[in-house]
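# Observations on the three-dimensional arrangement
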Amino acid sequence: MNTQSTSTPILELKNLNVHYGAIHALHGLNLKAYKGEIVTLLGSNGAGKSTTLRTISGLLHPSKGEVLFHGNPIHHLSAHEVVKLGISQAPEGRLIFPDLTVFENLEMGAFLSPDKALFKKNYEYMISLFPRLKERSKQLAGTLSGGEQQMVAMARAYMANPELLLLDEPSMGIAPILVKAIFDAIVQINKQGTTILLVEQNAFQSLKIAHRAYVLATGDIVMEGDAEKLLNNPEIQKAYLGH
Amino acid sequence: MSDQVAYFFQDLGQYLINGIAQGSIYALVALGYTMVYGIIRLINFAHGEFYMVGAFVGLFLIQAHLPFIIALPCAMLGSGLLAVTVERLVYRPIRKAGKIQALITALGVSLLLQYLGQNLLGADPRPFPDALENKTYMMGPLMISKIQLIIIVTTVILMGALRYLVMYTKIGKAMRATSYNLEAAELMGIDTNKIISFTFFVGAALAGAAGVLVGMYYNTVEPMMGMIPGLKAFVAAVLGGIGVIPGAVLGGLVLGVAENLVIGFWVSTYRDAIAFAILIIILLIRPAGLLGRNTREKV
Ligand SMILES: Nc1ncnc2c1ncn2[C@@H]1O[C@H](COP(=O)(O)OP(=O)(O)O)[C@@H](O)[C@H]1O
Ligand SMILES: [Mg+2]
């Protein structure tokens, strides 16, 4: 990706500071994602990964610093307005709507786009990636297994037809076979042109599919670079890959 | 002996009819409590005043010789708009302030509306003009008055409409999504402030309808009229499982029927205490209410 340095990133976090009351969760974080990339944000529990995604989505607002989307500041917007711009998120813990059917969950994902043809196209694409969702489309989402719920969460986020998809620990608490299905789907979605910011603790899997990676520790980026290089970095291997 | 048995069943049937009519009113008011609680976890103690305002709007329109069928939706609109205004001006700014603060604010709004009502409209009860001729129908040995019939039919229609709204429309699904998790709903692009406003509107509109029906049923309207029914509807909502829509309906009906049975077979002095007695008994057996889920409340 040599064009990176010359083009405007689709997403840029500049000196991002976020507080929860007195708790200073992010200390001047900088991050860029370019169109077409899978960027992964790694870090252990409590590092500030979800805080970063929640700030991009507008659920939190920075005390200092900026969130730029195509170069334009968006950190003053509310969450529903950020979705309208083309950024959607499958949040940590999935947060699917348990009393709505799988299909209704996907309808909610497409809440802002009344375009029926687009809905149909995205829906068919999602059930081709996750055929289980088709079988379960009329079932209440709360009755699904954890892995299936994660598929719903991802598909629901995709139904907003985003340019940038934020995924918060999609492999958390999920059976290993389904983890593979989910990471395969991430690669597929990215190949269709959607830029992806993937937050994970599962560093090995993420680095294998990502183009670039950032490592977050207690609210600050401590390492960044090409995913392949990080995968072979002894320090990373020791800290995150269990070597 | 067999005569006594026959009388007993005749009385029972009559008290059931009265109870269902009364319970329909409680149910209509309880729905607003439960819907607002479901979406922002607020016990809106001013809800009884939305009901009172609906009764007054209905009163004025019927005094102006408008038919019931026009007065009812106008009263619903009036209550709904008041609720949206109160939400926007009072509840929204304090939404993040904490539960106790919100509760006290709601009590304040309730008192404010009561005294504002007394100030503007006078404290004296006003008779409700006869919008309908007061007919009574016989169903075998049982009597049902025209107004009871209208209460029951109106309630059934409104509840059918509410069910359709909540279960099958896009905004209804967005209401359920917001009620499950406000942030998750925002992440769908749902403007949750609008959904909360809309929920207040719908809940208050149902209370407004109940106000008109009660005005006609008891033939009296006054600014304090929301207090006791508001409390009882709150009890009905908790009884059914607060936050659960069918629970509010069931809770209202159970309460209305139980009250009428107690009044009929025993003494009327305990009428208002009975609601709370039932509440305590049911909550001891089922802490989450009749249809409530036994999950711990989200923080
Ligand atoms: N709602 C909150 N209130 C206070 N502190 C929080 C809240 N959410 C997260 N934090 C704190 O912010 C830090 C970063 O949390 P988070 O972004 O959830 O980390 P991660 O997603 O990397 O596990 C942690 O120290 C956490 O305790
Ligand atoms: Mg997290």
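Residues numbered from 1 in each chain as written. Chains lettered and ligands numbered in written order. Predicted model: local features only at pLDDT ≥ 70, side-chain atom pairs only at ≥ 80, totals over all residues. Heavy atoms only, no water.

### Quick word on the pairing of strand 7 (residues 164-168) of chain A
Residues and elements named next belong to chain A. In plain terms, the rule: Between buried and exposed lies partly exposed: a residue is buried under 20% and exposed over 50% of the maximum accessible area for its type, with that area taken using a 1.4 Å probe on protein chains only. A run of H or I in DSSP becomes a helix once it reaches four residues, and a run of E becomes a strand once it reaches two; helices and strands are each numbered from the N terminus. Note: two strands are recorded as paired if DSSP finds a minimum of 2 bridges between them. Here, the term right-handed applies to a crossover whose path from the first strand over the helix to the second runs clockwise when the strands point away from the viewer.
In terms of residue burial, strand 7 counts as a mostly covered element, since 5 of its 5 residues are buried. Side-chain alternation along strand 7 places Leu164, Leu166 and Asp168 on one buried face and Leu165 and Leu167 on a second face that is also buried. Of the strand pairs in this sheet, strand 6 (residues 87-90) and strand 7 are connected by 4 bridges, and their pairing is parallel. For isoleucine 87, the partnering residue across the bridge sits in strand 7 and is leucine 164. Traced from strand 7 through helix 7 (residues 176-191) to strand 8 (residues 195-200), the parallel crossover comes out right-handed.

### Observations concerning the coordination of the magnesium ion (ligand 2)
Put simply, the test is: Only nitrogen, oxygen and sulfur atoms qualify as donors, provided they sit within 2.8 Å of the metal or within 3.2 Å for Na, K and Ca; with water excluded from the atoms, sites may seem incomplete.
Taken together, the protein donors to the magnesium ion (ligand 2) comprise Ser50 of chain A (OG) and Glu92 of chain A (OE), at separations of 2.0 Å. Of the two residues, serine 50 of chain A sits in helix 1 (residues 49-56) while glutamate 92 of chain A sits in the loop between strand 6 and helix 3 (102-109), which places them 42 residues apart along the sequence.

### Thoughts on the sheet that holds strand 10 (residues 220-226) of chain A
Residue and element names in this part refer to chain A. How we decide: What counts as an axis is a line fitted to C-alpha atoms, over the stretch in contact for a helix, and the angles between N-to-C directions run from 0 to 180 degrees. Only heavy atoms enter the contact rule, under which two residues are in contact if any of them lie within 4.5 Å.
Ordered by their spatial adjacency, 6 strands build an open sheet running 6-7-8-3-9-10, and the pairing between neighbours is mixed. The strands lining the two open edges of the sheet, one partner per strand, are strand 6 and strand 10. Strand-to-strand, the axes of this sheet are offset by a mean angle of 15°, without reference to chain direction. Running over the sheet, helix 7 touches strand 3 (38-42), strand 7 and strand 8 and is turned about 155° from strand 8.

### Quick look at the site of ligand 1
Residue and element names in this part refer to chain A. To keep things clear, this is the line we draw: Consider each residue's heavy atoms; a residue with any of them within 4 Å of a molecule or strand counts as near. Two N or O atoms count as a polar contact when they lie within 3.5 Å, although within protein this holds only if one can serve as hydrogen donor and the other as acceptor, and sequence-adjacent residues are included solely when both atoms are side-chain atoms.
Residues in close proximity to ligand 1 include Tyr20, Ile23, Ala25, Ser44, Asn45, Gly46, Ala47, Gly48, Lys49, Ser50 and Thr51, which together make up its full environment. Here tyrosine 20 contributes a side-chain N or O atom positioned 3.4 Å from a nitrogen atom of ligand 1. Residue threonine 51 places a side-chain N or O atom 2.4 Å away from an oxygen atom belonging to ligand 1. Those elements that place two or more of their residues in the shell around ligand 1 are strand 2 (23-33) and helix 1. The element contributing the most residues to the shell around ligand 1 is helix 1, with 3 residues.

### Some points on the packing of aromatic side chains
Threshold: The criterion for an aromatic pair is that two Phe, Tyr or Trp rings (for Trp, the six-membered ring) have centres within 6.5 Å, with stacked assigned to planes under 30 degrees apart, edge-to-face to planes over 60 apart and tilted to the rest.
Using the criterion set out here, one finds 14 aromatic pairs over all chains in the structure. On the basis of an interplanar angle of 85° and a centroid distance of 5.2 Å, the ring pair of phenylalanine 103 of chain A and tyrosine 123 of chain A is categorised as edge-to-face. Within this pair, whereas phenylalanine 103 of chain A is found in helix 3, its partner tyrosine 123 of chain A is found in helix 4 (residues 116-129), the two being separated by 20 residues in sequence. Here tyrosine 15 of chain B and phenylalanine 265 of chain B contribute two aromatic rings whose centre-to-centre distance is 4.9 Å and whose plane-to-plane angle is 90°, an arrangement assigned as edge-to-face. In this pair, tyrosine 15 of chain B sits in helix 1 (residues 2-40) while phenylalanine 265 of chain B sits in helix 10 (residues 245-265), placing the two residues 250 residues apart along the sequence. Classification of tyrosine 15 of chain B by relative accessible area gives buried; the value is 17%. What makes phenylalanine 265 of chain B partly exposed here is its relative accessible area of 39%.

### Comments concerning the interface of chain B and chain A
To keep things clear, this is the line we draw: The buried area of a pairing is the accessible area, by a 1.4 Å probe, that goes missing from both parts when the two are put together, added over both. Salt bridges, as used here, are contacts in which a Lys or Arg side-chain nitrogen is within 4 Å of a carboxyl oxygen on Asp or Glu.
Across the contact, 18 residues belong to chain B and 22 residues belong to chain A. Approximately 2000 Å² of surface area, both sides summed, lies buried where chain B meets chain A, with 65% of it carried by carbon and sulfur atoms. Taken together, the links from chain B to chain A amount to 3 salt bridges. When the shortest N-O distance is used, the salt bridge between lysine 173 of chain B and glutamate 104 of chain A registers 3.8 Å. Across the chain B-chain A interface, the total number found is 6 residue pairs in polar contact (both at pLDDT 80 or more). Elements supplying a minimum of two residues to the side of chain B that touches chain A: helix 6 (170-180) and helix 7 (182-187) of chain B. Broken down by element, the residue count for the side of chain B that touches chain A peaks at 6 residues, all from helix 6 of chain B.

### Structural notes on the domain arrangement of chain B
Residue and element names in this part refer to chain B. Formally: For the purposes of this description, domain bounds are those given by an automatic or database domain assignment. Any residue that is not Ala, Val, Leu, Ile, Met, Phe, Trp, Tyr, Cys, Pro, Asp, Glu, Lys or Arg is counted as polar, Gly included; the first ten are nonpolar and the last four charged.
According to the domain assignment, chain B contains domain 1 (31-106 + 121-160 + 191-223) and domain 2 (226-290). The interface of domain 1 with domain 2 comprises 14 residues on the first partner and 16 residues on the second. Summing the contributions of domain 1 and of domain 2, the shared interface buries around 1100 Å²; its carbon and sulfur component is 77%. Among the residues domain 1 hides against domain 2, the three largest losses belong to Leu31, Tyr33 and Thr34. Together they make up 43% of the total. Taken together, the connections running from domain 1 to domain 2 amount to 0 salt bridges. Joining domain 1 to domain 2, the criterion identifies 2 residue pairs in polar contact (both at pLDDT 80 or more). Contributing elements (two or more residues each) for the side of domain 1 that touches domain 2: helix 1 and helix 2 (47-63). Partitioning the side of domain 1 that touches domain 2 into residue classes produces 10 nonpolar, 3 polar and 1 charged.

### Quick notes on a nonpolar patch on the surface
For clarity, the cut-off: Residues enter patches when they are more than 30% accessible in relative terms and free of salt bridges; like-charged ones are connected within 9 Å and nonpolar ones (Val, Leu, Ile, Met, Phe, Trp, Tyr) within 5 Å. In this description, accessible areas are obtained by the Shrake-Rupley approach with a 1.4 Å probe, and a residue is regarded as covered only by the protein chains that are shown.
Together, Val5, Phe8, Phe9, Phe265, Trp266 and Tyr270 of chain B line one region of the surface with nonpolar side chains, adding up to about 660 Å² of accessible area. If you tally residues by element for the nonpolar patch, the top one is helix 1 of chain B, at 3 residues.

### Notes on the pattern of salt bridges
A full pass over the atoms with the stated rule returns 13 salt bridges over all chains. Between glutamate 259 of chain B and lysine 232 of chain B there is a salt bridge, and its shortest N-O distance comes to 3.1 Å. Highlighted residues: glutamate 259 of chain B in helix 10 and lysine 232 of chain B in helix 9 (residues 227-240), separated in sequence by 27 residues. Comparing glutamate 259 of chain B with lysine 232 of chain B, the two get one shared label, buried. A network of salt bridges, in which partner residues are shared, links Glu104 and Glu107 of chain A together with Lys173 of chain B.

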